[in-house]
Amino acid sequence: MSAEVSLSFYQPEHNQELSTFELPKMQLRFTALPLTALKVCEEDQSRHPVVILYEGKPAGFFVLHHGPGITPFTENPNALFIRALSVHPEYQGKRVAKRAMLALPGFASVHFPFCDELVLAVNKKNIAAQQLYFKTGFEDRGQRRAGNIGIQYILQLPL
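Residues numbered from 1 in each chain as written. Predicted model: local features only at pLDDT ≥ 70, side-chain atom pairs only at ≥ 80, totals over all residues. Heavy atoms only, no water.

### Some points on the environment of Tyr153
Summarising the element assignment, Tyr153 is placed in strand β7 (residues 150–158). A relative accessible area of 15% places Tyr153 in the buried class. In the structure, Tyr153 is positioned 10 residues away from Gln143 in sequence and 6.3 Å away in space, judged by C-alpha atoms. Once residues within four sequence positions are removed from consideration, Tyr153 is found in contact with Leu120, Ala121, Val122, Lys124, Gln130, Gln143 and Arg144. (Helix = DSSP H or I, 4+ residues; strand = E, 2+ residues; numbered from the N terminus. Buried < 20%, exposed > 50% of the residue type's maximum accessible area, 1.4 Å probe, protein only. Contact = heavy atoms within 4.5 Å.)

Here you go:
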């Protein structure tokens, strides 16, 4: 039987575990640590921090962003943009990210009823993340943009 993976909006009690997140340099090239992303969320009400729970413990993190700030990635006013996905190294290899991404459409439908699409940007060099997103239903419709460290693929998942 596999362990339970669920999604929750960030709560202050998650802070201790999230503050211990360290990622290998190779992964840090492509994402932000949870505490860094949380600081941006505090200043921008259109960004919603989400914690990935593994058996009730914080194992991962990402941000759901909506509104005008996502227009570089999509023109869809009903889209949610996924930012700063990370999984603590202790939980990597346990299908935590995959199960979180599979749970995300249901989570988004409940908490963001206006949402009809999930969108994200993944670096061309981040093959592991691309594989995760394709396995969980995201589509590459050919949209590209220049990112801080190279070309990004814009992927979409209709809801």
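### Looking at the sheet that holds strand β6 (residues 139–147)
Taken in spatial order, the seven strands make up an open sheet running β1-β2-β3-β4-β5-β7-β6, and their pairing is mixed. Strands with a single pairing partner mark the edges of an open sheet, and in this sheet they are β1 (5–9) and β6. For this sheet the average axis-to-axis angle between neighbouring strands, irrespective of direction, equals 30°. Pairing analysis gives five bridges linking β1 to strand β2 (residues 47–54), with the strands arranged antiparallel. Paired with Val5 across the two strands is Tyr54, which belongs to β2. Docked against the sheet, helix α3 (residues 34–43) engages β2, β3 (57–65) and β4 (79–87), running at close to 40° with respect to β3. In the packing of helix α5 (residues 127–135) onto the sheet, the strands contacted are β4, β5 (117–123), β6 and β7, and the crossing angle to β5 comes to about 160°. (Pairing = 2+ DSSP bridges. Axes fitted to C-alpha atoms, helices over the stretch in contact; angles between N-to-C directions.)

### Observations concerning α5
Along α5, the residues classified as buried are Ala129, Gln130, Leu132 and Tyr133. The arc that holds the buried residues of α5, viewed along the axis, is 160°, so those residues lie on one side. For α5, exposure combined with an orientation more than 90 degrees from the buried face picks out Ala128 and Lys135. Considering only its buried residues, α5 is in contact with β4, α4 (96–111), β5 and β7. Downstream of α5 by one or two residues, Gly137 has phi in the positive range, about 100°. (Arc of directions from axis to C-beta.)

### Comments concerning α4
Across its 16 residues, α4 extends 21 Å between first and last C-alpha, which sits within 8% of the 22 Å expected from 1.5 Å per residue. Bending of α4 peaks at approximately 40° at the position of Leu104, with proline Pro105 no more than four residues after it. Within the sequence span of α4, burial applies to Val96, Ala97, Arg99, Ala100, Met101, Leu104, Phe107 and Ala108. Where α4 is buried, its residues meet β1, β2, β3, β4, β5 and α5. (Expected span 1.5 Å × (residues − 1). Bend = angle between axes of the 7 residues up to and from the residue.)

### Structural notes on the nonpolar core
The biggest cluster of nonpolar side chains holds 33 residues, and the ones touching the most others in it are Phe62 and Tyr133. Of all the secondary structure elements, the ones that give two or more residues to this core are β1, β2, β3, β4, α4, β5, α5 and β7. Per element, the largest residue contribution to this core is seven residues, and it comes from α4. Among the nonpolar cores identified, the runner-up in size contains 10 residues, and Ala37, Cys41, Val51 and Leu53 belong to it. (Core = buried A, V, L, I, M, F, W, Y, C linked by side-chain atoms within 4.5 Å.)

### With respect to the environment of Leu38
For Leu38, the position within the fold is in helix α3. Each C-alpha atom, one on Leu38 and one on Ala84, is 9.9 Å from the other, the two residues being 46 residues apart in sequence.

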